[in-house]
Number of protein chains: 2
Amino acid sequence: MQLDHLDTEIIALLVEDARRSYAEVGARIGLSASAVKRRVDRLRAGGAITGFTVRLDPSALGWTVEGYVELYCRNSTAPAVIRRAVDRFPEVVDASTVSGDADAVLRIVATDMRHFEQVLEQIGAQPFVARTKSVLVLSPLLRRASAPPPH
Amino acid sequence: MQLDHLDTEIIALLVEDARRSYAEVGARIGLSASAVKRRVDRLRAGGAITGFTVRLDPSALGWTVEGYVELYCRNSTAPAVIRRAVDRFPEVVDASTVSGDADAVLRIVATDMRHFEQVLEQIGAQPFVARTKSVLVLSPLLRRASAPPPH
DNA sequence: TTTGAAACAGTATTAAA
DNA sequence: TTTAATACTGTTTCAAA
């Protein structure tokens, strides 16, 4: 789907605060509320906007430990197999297969170090996992909700 | 701040869809709309909920290339210095200082491979950066907006 | 096609109990 | 906490650019 500059402005405003009313968004970009609604509907139908969520502070919710985990898998493990396995852990907030030595990279949150270790053990015990290598997050520097539209 | 099970249910429902009305959330957990609003207000004031955003599909917006970048910095670079530097790049969607050999891990999105390379060069050219090491994302497996409340 | 104005229904918000 | 009153907002319709 094709986005014009008004669409990108709408997205940028909603990334900042998705609770803004159509009227307010419209006032900022020179459009009526109904015109904004139509564009938002189109952006949702077209798949650019996939939903609306709350932004949470992990530490305020009790997630005090965070880390990146590289997964080294046994020969030719399908991405779908990895996905199904990690999907069962709510602690895994991000997972991708990657180029390089490792097969996948996960981002994991845990309530404390013991919990982190337990999750790591459970993931390492999956039949397709040969080994894991993990680093702990020391300070979160930047956590953008989503990338804004390019250019 | 302390969360009871109703708070965690409210958060879980809003993570799924932040556009649900207070009345709908209330109906699902057995509370009136105004009671839900009061709790959401309290969760925002307490910092557990930091805002409301749209969930975007990066590929639908033209971000086709994604990767992890490890940053190796010169002796004793303060986290704040790294943050200030990477904050200027909208392509950096996530950054943390980490334990292990590298000093920081970034997640970067780009419109194409050439763009990814350009961003990598610009970051590598920062005075405090000794070298970078990056892996490309092959398939995104899981992208949870936020971690739900623990337990 | 895409827009703005109007009308209605639904929701947020506040005050009161 | 609920209920109830009010103001706003979402949503649809329709006519116009």
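Definitions and cut-offs
Residues numbered from 1 in each chain as written. Chains lettered and ligands numbered in written order. Predicted model: local features only at pLDDT ≥ 70, side-chain atom pairs only at ≥ 80, totals over all residues. Heavy atoms only, no water. 1 Å grid on protein atoms, 1.4 Å probe; cavity = no way out; pocket = protein on both sides within 12 Å on 5 of 7 lines; lining within 4 Å. Points joined across faces, edges and corners; volume = space filled by probe spheres on them. Axes fitted to C-alpha atoms, helices over the stretch in contact; angles between N-to-C directions. Helix = DSSP H or I, 4+ residues; strand = E, 2+ residues; numbered from the N terminus. Parallel < 35°, antiparallel > 145°, perpendicular 65-115°, else oblique. Contact = heavy atoms within 4.5 Å. Nonpolar A, V, L, I, M, F, W, Y, C, P; charged D, E, K, R; others polar. Least-squares fit on C-alpha atoms with pLDDT ≥ 70 in both. Near = heavy atom within 4 Å. Polar contact = N/O pair within 3.5 Å; in protein donor to acceptor, adjacent residues only side chain to side chain. Buried < 20%, exposed > 50% of the residue type's maximum accessible area, 1.4 Å probe, protein only. Patch = residues over 30% accessible without salt bridge, like charges linked within 9 Å, V, L, I, M, F, W, Y side chains within 5 Å. Areas by Shrake-Rupley, 256 points an atom, 1.4 Å probe, with all protein chains shown as cover. Salt bridge = Lys/Arg side-chain N within 4 Å of Asp/Glu carboxyl O. Lys, Arg positive; Asp, Glu negative; His and termini not counted. Charge placed at Lys NZ, Arg CZ, Asp CG, Glu CD.

A. Broad picture of the layout of surface pockets. One number sums up the size of the second largest pocket: a volume of about 510 Å³. Glu70(A), Tyr72(A), Lys133(A), Glu70(B) and Lys133(B) are the residues nearest the centre of the second largest pocket, which is lined by 27 residues in total.

B. Structural context of the packing of helix α1 (residues 5-16) of chain A against helix α3 (residues 33-45) of chain A. All names here are of chain A. One way to put it is that α1 packs onto α3 with a least axis distance of 11 Å and a crossing angle of 85°. Judged by the angle between their axes, α1 and α3 are roughly perpendicular. Residues Leu6, Asp7, Ile10, Ile11 and Leu14 of α1 lie in contact with α3, whose contacting residues are Val36, Arg39, Val40, Arg42 and Leu43. A breakdown of the residues in the contact of α1 with α3 according to their chemical character gives 7 nonpolar, no polar and 3 charged.

C. Quick look at the relation of the copies chain A and chain B. Mapping chain A onto chain B calls for a screw motion: a turn of 180° about the axis and a shift of 0.1 Å along it, with 0.1 Å RMSD after fitting. The operation mapping one copy onto its partner corresponds to a two-fold rotation axis. Closest approach to the rotation axis among the C-alpha atoms of chain A is made by Thr53(A), whose C-alpha sits 2.7 Å away. A share of 100% of interface residues in chain A that are also interface residues in chain B marks the association as one of identical surfaces.

D. Focus on the protein's contact with DNA strand C. Neighbouring DNA strand C are Leu31(A), Ser32(A), Ser34(A), Ala35(A), Arg38(A), Arg39(A), Ser21(B), Tyr22(B), Ser34(B) and Lys37(B). A share of 63% is what sugar and phosphate atoms reach among the atoms of DNA strand C within 4 Å of the protein. Within the side chain of Ser32(A), a nitrogen or oxygen atom sits 2.7 Å from a phosphate oxygen of DNA strand C. Sorting the residues of the surface near DNA strand C by element identifies α3 of chain A together with α3 (33-45) of chain B as the ones contributing at least two each. Examining the composition of the surface near DNA strand C, we find that 4 residues originate from one element, α3(A), more than from any other.

E. Quick look at the environment of Phe52(B). By secondary structure assignment, the location of Phe52(B) is in strand β1 (residues 49-56). Overall, the relative accessible area of 2% leaves Phe52(B) in the buried class.

F. A positive patch on the surface, seen in detail. A surface patch of positive charge is lined by Arg131(A), Lys133(A), Arg131(B) and Lys133(B). Listed by contribution, the elements that provide at least two residues to the positive patch are β5 (129-143) of chain A together with β5 (129-143) of chain B. Structurally, the position occupied by Arg131(A) is in strand β5. For Arg131(A), a relative accessible area of 47% gives the class partly exposed.

G. Quick peek at the side chain of Thr97(A). In this fold, Thr97(A) is placed in strand β3 (residues 92-98). Given a relative accessible area of 7%, Thr97(A) falls into the buried group. Discounting chain neighbours no more than four positions away, the residues touching Thr97(A) are Pro79(A), Ile82(A), Asp103(A), Ala104(A), Leu136(B), Val137(B), Leu138(B), Ser139(B) and Leu141(B).

The values reported here are purely geometric and, on their own, carry no functional implication.
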